[in-house]
Amino acid sequence: MLRLHRLLVVALLLGEVGHAHAQTERDHAAAAVTPVHAGVPSLSYTRYVLPNGLTLVVHEDHKAPVVAVSVWYHVGSKNEPATRSGFAHLFEHLMFQGSENHNDEYFRPFELAGATDQNGTTWLDRTNYFQTVPSTAVDMALWMESDRMGHLLGAIGQAQLDEQRGVVQNEKRQGENQPYGRVFTVLQANAFPANHPYHHTTIGSMTDLNAAALDDVKNWFREYYGAANATVVLAGDITPEQAREKVLRHFGDIGPGPRLSRPRPWTAARTEATRANMPDKVPQTRIYREWNAPGLTDADATQIALATTVLGGGKTSRLYQRLVYQNQLADSVNMSVMPFELASMVMLQVSVRKGVDPAKVETALDNELRKFLATGPDADELARARTAARADFIRGIEKVGGFGGKATVLAEGQVYRNNPVAYVEDFAVMHAATPQSVRAAARCWLGQGDFTLVVEPGSDVAANDAAYARLQTGLSAAAGVPAPKADAAAHWRVVASSVARKSGVPGVARFPNLDFPTLQRATLSNGIAVVLAARHAVPVVNVELMFRGGYASDPAAAKPGRASFTMAMLDEGTATLDSIAIARRLEQLGAELGAGASLDGSTAYLSALKDQLQPSLALLAEVVQQPAFRAADIERVRQQWLAGIAQEKAQPTGLALRIMPPLLYGAGHAYAIPFSGTGSEAAVQALSAADLRAYHDAVVRPDNAQILIAGDTTLAEILPQLEAAFGHWQAPATSRLQVSVPEVAAAPRVRVLLMDRPGAPQSLILAGLLAPPTASPDYLAIRAMNEVFGGSFTSRLNMNLREDKHWAYGAGTLLRDAQGQRPFLAYAPVQTDKTAESVAEILRESQALVGAQPPSREEIAKVKQSEVRKLPGTYESARAVLAAVEGIVQYGRPDDYVQQLRTRIEALDDAQVQAAARAVVRPTHYTWVVVGDLGKIEQPIRALNLGEVQVIDSEGAIVR
């Protein structure tokens, strides 16, 4: 067994925290990192460098019995040779195909161990793999990561390459099948010259992906996947000493890899403005503008980030106020920086309001930019931008792993800057920034050399494709401007002996118990119930007001969309504050506030910094109790809402999901509405202030409310503040809203509805049924059945259509929570030429599930083990805890429901799960909706003889 072998190696540790000392010095724990600004948390860490060059960064966080395991390789799409674009990302997929000592699906042991937040990603400068596992499963995770780092090629052959090539190509098709899905390829090609490493996108071209050969795989692995090009971060319930011993044992025998060269920073700043127009199948015109700026190691990148926040970072930004509020030329504006290692991309996106001349938008845009370059931000704008950045950082590091937790922060700092806590330097720059310094950076990098792309609606598929093909060529090589010379990375030698691995993946014998907070309850003087789940990991408090009544309460024939529209209007103005004043106040407080509706309920949500909780609650109370519903605000939001519906209809998934509910539930049913809650164009056009006020009076009221809290507070601390904010709130004289959700019979026969999307490279397949309500007694059995069929990576549908056939980037099933019968949907976005075959496979898998191949004992055991073991990771964050509390309250569950989940899941027997499959998955009652190129898919689907086939339009009306 692997665990019986110990490598007799000594780790030579590199430098003191924050400094690059000689390699013979020892790294120390950075327990005394001093924050540069009050309220910016410090992340203590210990760093080690193994003799083979692998860097290990460890951060202790014992709030939950989980550890984030993150492995970053300093290689991305910028390292790809000519004619091999997309290869870094293709290789990332191959890394999940198994390894020499685990020749099986990579995800399988992690599912059994209860891993959460597991994924792999590729970007311009890096490839990373990460998962959060129970603290007792760290050895398993490190064995898996080290086996593919050191022992991959023997498990990768032509079949694996062809399989993942197909998956990646369908990922590319899926992205380009979305509105504006081809924009970034054009922007990147025109941002950087052809000889710049950033000229091409990470997803690559179909031609280059087709050209990738097995020798390319082997050479890439040998070149870039050595230990000296990798950083391992362990963050969570582990000590530095434990982490070092484990990483030495699992990774110490892996070779360092060859000496590598690193491209030097190359901003490739442009001196003139260029532009292009691109027609595409989009619902409205969008203007994109891009500037090049210095990379993330340059202090100007932080200055530019502040500038873009002031210019286009939200409602209070200058461009949003000018284009959306004042001139009403646009529905949305966003401006931000995408920081990379060699250069950064400053991105501006404006969605032009329907009927507005884009040239008029650009004139106003240019005018506002000139003003900013002349004056820079004022002191208040700069202070709010700093506060927002600090608050976002604090919220982000509550989790140890995932896409933006502590492990990501430490890995980014180490990989790009040789400093795990490089964020401290960024906050120092931010804290020292002045209006003058931000203006100077903006003048330097935003004052010239931009590329503007105007994307316009175009229905001619051939013309759209031709324009895209022309524009993705982009800039030619920069004549007379050679790429900066590369720097050589350090070369390391191996001093460790080999490790025996043939015994396979280490077993995980023990699993930690879930530590979920005990719910505490109280009642305000006016009768509002309060439920608190205390969680003290970060100084943030999350508060949710939950109201019964969602968009199922909308009068379906006349006012679909009323509930969501009303809730969206709450933070658009109160009796004393307008929309801008509310947004400005939130920025000053570092708070997040929002309101919305779901199928059966409506909520108002606040995330507040603990030291700003009282004024944040006061703002939430004003927004909820005193909405103004001003006519001007309603009209502005109405236009944005209509644009959003148009965007839904331009997306295959959004379009199909709008059509499915009326088909499943039947006309007139409370649930027979688009499950996005956006309603219809006609209904939204007709909504009045009186309609919104009527919904508010019937739903958003104290006798229909409960206050749910999760975060860094106690009942004694928060009750007086809640009483001050909500205790005097009185219900109106009108009645509360009552909603009836009658039961619906299954469709009597199979129905097949086709929607045309000419030229689409993929088809979106949905197959719908009705399942029992969320609160039904067999809820857990249905959930387990769903995991077996299509709810996990190794589920039957995904393994069939993605891994075995590689016709899709992903396929599966989903269940939506509801008080009444829930929709059960099988879905698969598949390449066009495999549409009918994929429909047949979904049907075959469905028939097998309820027939000859019911959920097996092994499948059910795997699901049960995974569900139980991932509980600690599932409820690591306060927001996840709050979601659990919401479910407890909404569905009448006991307060200890989460604590009892383990016992209830383990008690499930095979017969219950198999019975749930038969009760829900009834192939003879499927309603199929397929969105694709009708000229290519209609006849093959008709030839399946599933049942009656009809062609419908985007509203669901039968065309033929």
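Computed from a prediction, not measured in an experiment: that's the story for all the values here.

A.B. asks: Where do I start with the overall build of the protein in this structure?
C.D. replies: Helix and strand counts for the protein come out as 33 helices and 25 strands. Over its C-alpha atoms the protein spans a radius of gyration of 28 Å, differing by no more than 12% from the 30 Å that the globule rule assigns to 960 residues. Overall size of the protein, expressed as C-alpha extent along the three principal axes, is 80 × 75 × 65 Å. Expressed as a percentage of its 960 residues, the buried residues of the protein come to 59%. In the protein, once contacts between residues fewer than 6 apart in sequence are set aside, the share between residues at least 24 apart is 81%. Put simply, the protein shows about 35100 Å² of open surface, and 51% of that area lies on carbon and sulfur atoms. Across the protein, the 91 positively charged side chains and the 99 negatively charged ones have centroids separated by 0 Å.

A.B. asks: I would appreciate a short explanation of the sheet that holds strand β12 (residues 450–457) in the present structure.
C.D. replies: The strands that make up a sheet are held in pairs by hydrogen bonds between backbone atoms, and each pair lies either parallel or antiparallel. In space, the five strands of this open sheet follow the order β8-β12-β9-β11-β10, with mixed pairing throughout. Each having just a single partner strand, β8 (274–280) and β10 (330–339) make up the two edges of the open sheet. Averaged over all neighbouring strand pairs, the angle between strand axes comes to 15 degrees, with direction disregarded. Summarising the sheet, β8 and β12 pair through seven bridges and their orientation is parallel. Counterpart to Ala276 in the pairing with β12 is Leu453. The sheet contacts of helix α11 (residues 358–375) involve β8, β9 (286–294), β11 (343–352) and β12, and relative to β9 the element is tilted by about 30 degrees.

A.B. asks: So what exactly am I meant to see when it comes to the packing of helix α12 (residues 379–396) against helix α14 (residues 423–432) here?
C.D. replies: In contact at an axis separation of 10 Å, α12 and α14 are set at 160 degrees when each is read in the N-to-C sense. Our classification of the angle between α12 and α14 gives roughly antiparallel. Between α12 and α14 the crossing geometry is left-handed. Taking contact as the criterion, the partners of Arg386, Ala389, Arg390 and Phe393 in α12 are, on α14, Tyr423, Phe427, Met430 and His431. Grouping the amino acids of the contact of α12 with α14 by side-chain chemistry returns five nonpolar, one polar and two charged.

A.B. asks: Just checking my understanding: could you explain the sheet that holds strand β1 (residues 46–49) for this structure?
C.D. replies: Ordered in space as β1-β2-β6-β3-β5-β4, the six strands form an open sheet in which the pairing is mixed. The sheet is open, and its two borders are formed by β1 and β4 (116–122), each paired with just one other strand. Averaged over all pairs of adjacent strands, the angle between their axes in this sheet comes to 15 degrees, without regard to strand direction. Against the sheet, helix α13 (residues 406–417) touches β1, β2 (55–60), β3 (66–73) and β6 (230–236), its axis set at about 25 degrees to β3.

A.B. asks: I tried to follow the environment of Ala852 on my own but got confused; where do I start?
C.D. replies: Inspection of the secondary structure puts Ala852 in the loop between α27 (835–849) and α28 (857–869). By relative accessible area, Ala852 is classed as exposed at 77%. Counting along the chain gives 347 residues from Ala852 to Val505, while the straight-line C-alpha distance between them is 32 Å.

A.B. asks: Quick question: what am I supposed to make of α27 here?
C.D. replies: Residues spaced three or four apart along an α-helix point in a common direction, a consequence of the helix completing one turn every 3.6 residues. Taking 1.5 Å as the rise per residue, α27 with 15 residues should run 21 Å; its terminal C-alpha atoms sit 21 Å apart, in good agreement. Burial within α27 is extensive, with 11 of its 15 residues counted as buried. Three or more residues of α27 are buried, namely Thr835, Ala836, Ser838, Val839, Glu841, Ile842, Leu843, Glu845, Ser846, Ala848 and Leu849.

A.B. asks: Looking at this structure, I do not really get the environment of Gln730. What am I missing?
C.D. replies: As for its placement among the helices and strands, Gln730 is situated in the loop between α24 (715–726) and β20 (751–756). Relative accessible area serves as the criterion here: at 57%, Gln730 is assigned to the exposed category. As for Gln730 and Val951, which are separated by 221 residues in sequence, their C-alpha atoms are 52 Å apart. Not counting residues up to four positions away in its chain, the partners in contact with Gln730 are Asn526 and Pro702.

A.B. asks: Can you walk me through unusual backbone geometry in this structure?
C.D. replies: It is generally the case that most residues other than glycine have a negative phi and that most peptide bonds are trans. You will see that Thr83, though not glycine, has its phi angle at about 70 degrees, which is positive. Looking at the element boundaries, Thr83 is found in the loop between β3 and α1 (87–94). Of note in the backbone geometry, Ala268 takes a positive phi value of approximately 55 degrees without being a glycine.

A.B. asks: Explanation requested: α24 in the structure shown.
C.D. replies: Over its 12 residues, α24 runs 15 Å from end to end, which matches the ideal 16 Å to within 8%, given 1.5 Å per residue. Here α24 has its buried residues at Leu715, Ile718, Gln721, Leu722, Ala725 and Phe726. The arc that holds the buried residues of α24, viewed along the axis, is 140 degrees, so those residues lie on one side. Opposite the buried face of α24, at more than 90 degrees from it, the exposed residues are Ala716, Pro720 and Ala724. Packing partners of the buried residues in α24 comprise β14 (520–523), β15 (529–534), β16 (540–548), α19 (613–625) and β19 (705–711).

A.B. asks: Before we go on, may I ask you to explain the pairing of strand β22 (residues 812–815) in this structure?
C.D. replies: Every regular strand shows the same layout, with side chains that alternate between the two sheet faces. Sheet topology places β22 next to strand β23 (residues 822–831); four bridges connect them, and they run antiparallel. Along β23, the bridge assignment pairs Leu815 with Phe824. Hairpin connection of β22 to β23: six residues between the antiparallel strands.

A.B. asks: What exactly am I supposed to notice about the packing of aromatic side chains here?
C.D. replies: The description of two aromatic rings rests on the distance between their centres and on the angle between their planes. In the structure shown here, the tally under the stated rule is 31 aromatic pairs. Their ring planes at 75 degrees and their centres at 5.1 Å tell us that Phe130 and Phe403 sit as a pair that is edge-to-face. Of this pair, Phe130 sits in strand β5 (residues 127–134) while Phe403 sits in the loop between α12 and α13, and the two are 273 residues apart along the sequence. We classify Phe130 as buried; its relative accessible area is 5%.

Each value, and the rule that gives it
- Per chain, the residues get numbers from 1 upward, laid out in the order the sequence is written.
- Only residues with pLDDT of at least 70 get local features here, since the model is predicted, and only at 80 or more are side-chain atom pairs given and counted; chain-wide, interface and lining totals rely on the full set of residues.
- With hydrogens and water set aside, each side-chain value is computed from the structure's full complement of heavy atoms.
- Numbering of helices and strands starts at the N terminus; helices are DSSP runs of H or I of at least 4 residues and strands are runs of E of at least 2.
- What the globule rule says is 2.2 Å times the number of residues to the power 0.38, and the radius of gyration is computed from C-alpha atoms.
- Relative accessibility decides the category of a residue: with a 1.4 Å probe and only protein chains considered, values under 20% of the type maximum give buried, values over 50% give exposed, and everything between is partly exposed.
- In this analysis, two residues are considered to be in contact whenever any of their non-hydrogen atoms come within 4.5 Å of each other.
- The protein chains shown are the only cover counted for residues, whose accessible areas, like all others here, come from Shrake-Rupley with a 1.4 Å probe.
- Charge convention: Lys and Arg are scored as positive, Asp and Glu as negative, and His as well as the terminal groups of each chain are ignored.
- Working definition for charges: the position is that of NZ of Lys, CZ of Arg, CG of Asp or CD of Glu.
- Strand pairing is assigned whenever DSSP identifies at least 2 bridges connecting the two strands.
- Here, axes are lines fitted to C-alpha atoms. For helices the fit covers the stretch in contact, and angles between N-to-C directions go from 0 to 180 degrees.
- Any angle that falls under 35 degrees is termed roughly parallel, while one over 145 is termed roughly antiparallel, one within 65 to 115 roughly perpendicular, and all others oblique.
- In this scheme the crossing of two helices becomes right-handed for a clockwise turn of the near helix relative to the far one and left-handed for an anticlockwise turn of less than a right angle.
- Residues are grouped as follows: nonpolar covers Ala, Val, Leu, Ile, Met, Phe, Trp, Tyr, Cys and Pro; charged covers Asp, Glu, Lys and Arg; every other residue, Gly included, is treated as polar.
- Multiplying 1.5 Å by the residue count of a helix minus one yields the expected span of that helix.
- Throughout, the arc means the angular range of directions from the helix axis out to the C-beta atoms.
- To pair, rings of Phe, Tyr and Trp, with the six-membered ring standing in for Trp, must have centres within 6.5 Å; the planes then decide the type, stacked if under 30 degrees apart, edge-to-face if over 60, and tilted in the middle.

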